[in-house]
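Structural characterization, general
The primary structure of each chain is shown beneath.
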Amino acid sequence: MPPVPPAPSDDSSTGPLQSGGIAAGLEKARRDKLRKLTELGLDPWGSRFDGAASIAAVREQGEPLKRPEGEPPADDGPTVRVAGRIMLQRSAGSLVFISLADRSGRIQIMLGKKQVGPENWKVVDCLDLGDLIGVDGRLGYSKTGELTVFASALTFLTKSIETPPDKFHGLVDTELKQRMRYVDLIHGEGVRERFIARSRIVASVRQTLFDRGYLEIEGPTLQDSAGGAAARPFKTHHNALDMGLVLRIALELHLKRLLVGGMERVFELGRVYRNEGVSPRHNPEFTMLEAYEAYGDYVSMMDLTEAIIRDAAKVAGTPPTVQWMGHEIDLSKPFRRVKYDDLLREVVGCDPSDPASIVAAAASRGIDTAGRHPDVIKSELFEATCESTLSAPTFVIDYPAAICPLTKRKAGQPDIAERFELYVAGMELANAYTELNDPDLQEELFRTQLAGLAADESMARMDTDFIRALRHGMPPAGGLGIGIDRLVMLLTQSASIRDVILFPIHRPQTED
RNA sequence: GCCUCGUUAGCUCAACUGGUCAGAGCAUCUGACUCUUAAUCAGAGGGUUCUUGGUUCGAGUCCAAGACGAGGCACCA
């Protein structure tokens, strides 16, 4: 790459993010150094740099070089090569100490004017916090006992022309942390670790399922009608086909088609979209796992759920007992299982089998009961009273059938659906059914609009192709859905879903 | 969509009831320093107090509207 000609001195206002004033001054100092680097014949944007060891590995190499207190440090350490970002810089005249960070950790670099030679020293003058460099040098300990790479050569890898945040506090402003996640990942306390944990959790969920013989599949995210859940979809349009489309709100109906197709154990782990409110527990796009197992039922799904969570907790480094959202949660014990009606009776003190008792209890709590289906009232009563009491991991089982249009009814009890929801710290984490595979009943339920539910909050959306699939014979099956973001919240003790989503939704930043 | 709270230098934060209140640390620049650890020391520069309007002799501070965010509600059966 040919050297860049010196830029005009007023180039500091060209950046898209410049607001003038001091920002321009801070950037100018960095652009001056960038120019100086090119004048030295160096490419300030670097190039391939082979053979760098991870800093964690280098730190391990340094262990045996330690000497007892009082003895002079070993001076025969190996020569190492590392690369990373300058996080801290301390200058003591012609001696510069740098804290260099890579994906695995941090290590101190010492650059001495005498040690690196005059050519390298000119480069040292161009270094800023945030720059990326490569270093070759001997591994040893400084006089104060800090593991240090004593640099003999310096390779400039990339200039940073933006000022990093406060070196001690990092980014604190939640808005900036989320909008500039790249900065938050560099400087935020535990941020990178949290997203590493997320990656491991997702990998673990897949592995737990693979180990049980599941196949991972990919269903359509663009659909002509959104089924499998009650939620408002995002709407879009296909130009060439001139057709309206919606983004999926659940994975369910296509996975079940695959059960019909003989893929007896299938799962999808992917993004779903719901055009609804934002909260510490809701983001419009979020990651869902759904898994279906032929010849299983909701009880087998409980066992699977516990296995998925326990395995994930292991790889995430989650302690057996976690403090989260003001709850102390023991993940090591088998999860409690309690019937929906029993819980209502226990918490509310009403008779769940008596609609009049339910209506009275709901009305006394300000829940609108007029003209609404008894099971809708019951469900609202449950949410208002029971959910927040479920601190320890709890499978709530056997739901009112009317609010479960995709679920098989209990044998001999048509009013009870074989469904569970898993609650932890008052939050819904998972939802599972013994899957309804009777095509005629399914068709009828798709047509049933429960009293008191608006059309767009109902699951009563006919999917004729899905009915046709069921008519070909779907094996009896258990099905499970887990909110992966919420699972990551639990396993990393995060208070907001936005803390575990790299780029949560935001309104556009105002430019002025 | 509704309610409450917040927004001050690149970052992290100050500024009692409206009256030298535009301030500090980090960062930046200049200088000193070959063993520092958020290095230290001396000096310098840096502001549309989110925006617009209003009240007032006087507004970072009070009022109104708007932008963005946080929490709550609604929504999420």
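Residues numbered from 1 in each chain as written. Chains lettered and ligands numbered in written order. Predicted model: local features only at pLDDT ≥ 70, side-chain atom pairs only at ≥ 80, totals over all residues. Heavy atoms only, no water.

Observations regarding the overall build of chain A
The secondary structure content of chain A amounts to 14 helices and 19 strands. Taken against the 2.2 N^0.38 rule, which gives 24 Å for 512 residues, the C-alpha radius of gyration of chain A at 30 Å runs more than 25% over that of a compact globule. The principal-axis extent of the C-alpha atoms belonging to chain A is close to 90 × 60 × 50 Å. Out of the 512 residues in chain A, the part that is buried amounts to 48%. (Helix = DSSP H or I, 4+ residues; strand = E, 2+ residues; numbered from the N terminus. Rg over C-alpha atoms; globule rule 2.2 N^0.38 Å. Buried < 20%, exposed > 50% of the residue type's maximum accessible area, 1.4 Å probe, protein only.)

Let's talk about the domain arrangement of chain A
Considered domain by domain, chain A is made up of domain 1 (11-164) and domain 2 (191-335 + 392-499). For domain 1 versus domain 2, the distance between C-alpha centres works out to 48 Å. (Domains from an automatic or database assignment.)

Comments concerning the sheet that holds strand 8 (residues 235-238)
Taken together, three strands build an open sheet; the order of strands is 7-9-8 and the sheet is antiparallel. Across the chains shown, the open sheet's two edge strands, defined by having one partner strand only, are strand 7 (222-223) and strand 8. One ladder, built from four bridges, connects strand 8 with strand 9 (residues 243-247); its direction is antiparallel. Within the sheet, the bridge partner assigned to His 237 lies in strand 9 and is Gly 244. (Pairing = 2+ DSSP bridges.)

So, the packing of aromatic side chains
Within this structure, the stated rule accounts for eight aromatic pairs. Ring geometry for Phe 210 against Phe 267: centres 5.7 Å apart, planes inclined by 55 degrees, an arrangement best described as tilted. Within this pair, whereas Phe 210 is found in helix 6 (residues 191-211), its partner Phe 267 is found in strand 10 (residues 265-273), the two being separated by 57 residues in sequence. Taking 4.6 Å as the distance between ring centres and 50 degrees as the angle between the ring planes, the aromatic pair formed by Tyr 340 and Tyr 399 counts as tilted. Separated by 59 residues along the polypeptide, Tyr 340 in helix 9 (residues 340-348) and Tyr 399 in strand 15 (residues 394-400) bring together distant segments of the chain. No difference in accessibility class separates Tyr 340 from Tyr 399, as the two residues are buried. (Phe/Tyr/Trp six-rings, centres within 6.5 Å; stacked < 30°, edge-to-face > 60°.)

Quick word on the packing of helix 9 against helix 11 (residues 374-385)
Viewed as axis vectors pointing N to C, helix 9 and helix 11 meet at an angle of 60 degrees, and their least axial separation amounts to 11 Å. As summarised for this structure, helix 9 and helix 11 are arranged oblique, according to the angle between their axes. For helix 9 against helix 11, the interelement crossing comes out left-handed. Contact residues: Tyr 340, Asp 341, Leu 343, Leu 344, Val 347 and Val 348 in helix 9; Lys 378, Ser 379, Leu 381, Phe 382 and Thr 385 in helix 11. Grouping the amino acids of the contact of helix 9 with helix 11 by side-chain chemistry returns seven nonpolar, two polar and two charged. (Axes fitted to C-alpha atoms, helices over the stretch in contact; angles between N-to-C directions. Parallel < 35°, antiparallel > 145°, perpendicular 65-115°, else oblique. Left-handed = near helix turned anticlockwise from the far one by under 90°. Contact = heavy atoms within 4.5 Å. Nonpolar A, V, L, I, M, F, W, Y, C, P; charged D, E, K, R; others polar.)

Concerning the pattern of salt bridges
Inspection of the entire model under this criterion finds 35 salt bridges. With a closest N to O distance of 2.5 Å, Glu 27 and Arg 31 form a salt bridge. In this pair, Glu 27 and Arg 31 are both assigned in helix 1 (residues 21-39), four residues apart and thus about one turn of the helix distant. In this structure, Glu 27 and Arg 31 share a single accessibility class: buried. Between Lys 33 and Asp 128 there is a salt bridge, and its shortest N-O distance comes to 2.5 Å. A residue pair is termed long-range when its members are at least 10 positions apart, and Lys 33 in helix 1 and Asp 128 in the loop between helix 3 (113-124) and strand 4 (132-141) qualify at 95 residues. (Salt bridge = Lys/Arg side-chain N within 4 Å of Asp/Glu carboxyl O.)

Topic: the pairing of strand 9
On any regular strand, side chains alternate: one points to one face of the sheet, the next to the other face. Where strand 7 meets strand 9, two bridges bridge the pair, whose relative direction is antiparallel. Among the inter-strand pairings, Leu 222 is bridged to a residue of strand 9, identified as Leu 247. Here strand 8 hands over to strand 9 after four residues, with Asp 242 in that stretch at a positive phi of 45 degrees.

Quick notes on a nonpolar patch on the surface
Side chains of Tyr 182, Leu 502 and Phe 503 sit close together on the surface and give an oily, nonpolar patch of about 330 Å² of accessible area. In this structure, Leu 502 sits in the segment after helix 14 (484-492). (Patch = residues over 30% accessible without salt bridge, like charges linked within 9 Å, V, L, I, M, F, W, Y side chains within 5 Å. Areas by Shrake-Rupley, 256 points an atom, 1.4 Å probe, with all protein chains shown as cover.)

Digging into the sheet that holds strand 4
Taken together, five strands build a closed barrel; the order of strands is 1-2-3-5-4 and the barrel is mixed. The mean inter-strand angle of the sheet, taken between neighbouring strand axes irrespective of direction, is 55 degrees. As defined by bridge partners, strand 4 adjoins strand 5 (residues 147-158) across ten bridges and the pair is classed as antiparallel. Each bridged residue has a counterpart across the sheet, and for Leu 132 the counterpart in strand 5 is Thr 158.

Comments concerning helix 10 (residues 355-364)
Those residues of helix 10 that sit buried are Ser 357, Ile 358, Ala 361 and Ala 362. Projected onto a plane normal to the axis of helix 10, the buried residues spread over an arc of 130 degrees and lie on a single side. Facing away from the buried side of helix 10 by over 90 degrees, the exposed positions are Ala 356 and Ser 364. Where helix 10 is buried, its residues meet helix 9 and helix 11. For helix 10, the N-terminal capping position is held by Asp 354, with its side-chain oxygen 3.1 Å away from the main-chain nitrogen of Ala 356. The positive-phi residue at the C-terminal boundary of helix 10 is Gly 366, with phi of around 80 degrees. (Arc of directions from axis to C-beta. Polar contact = N/O pair within 3.5 Å; in protein donor to acceptor, adjacent residues only side chain to side chain.)

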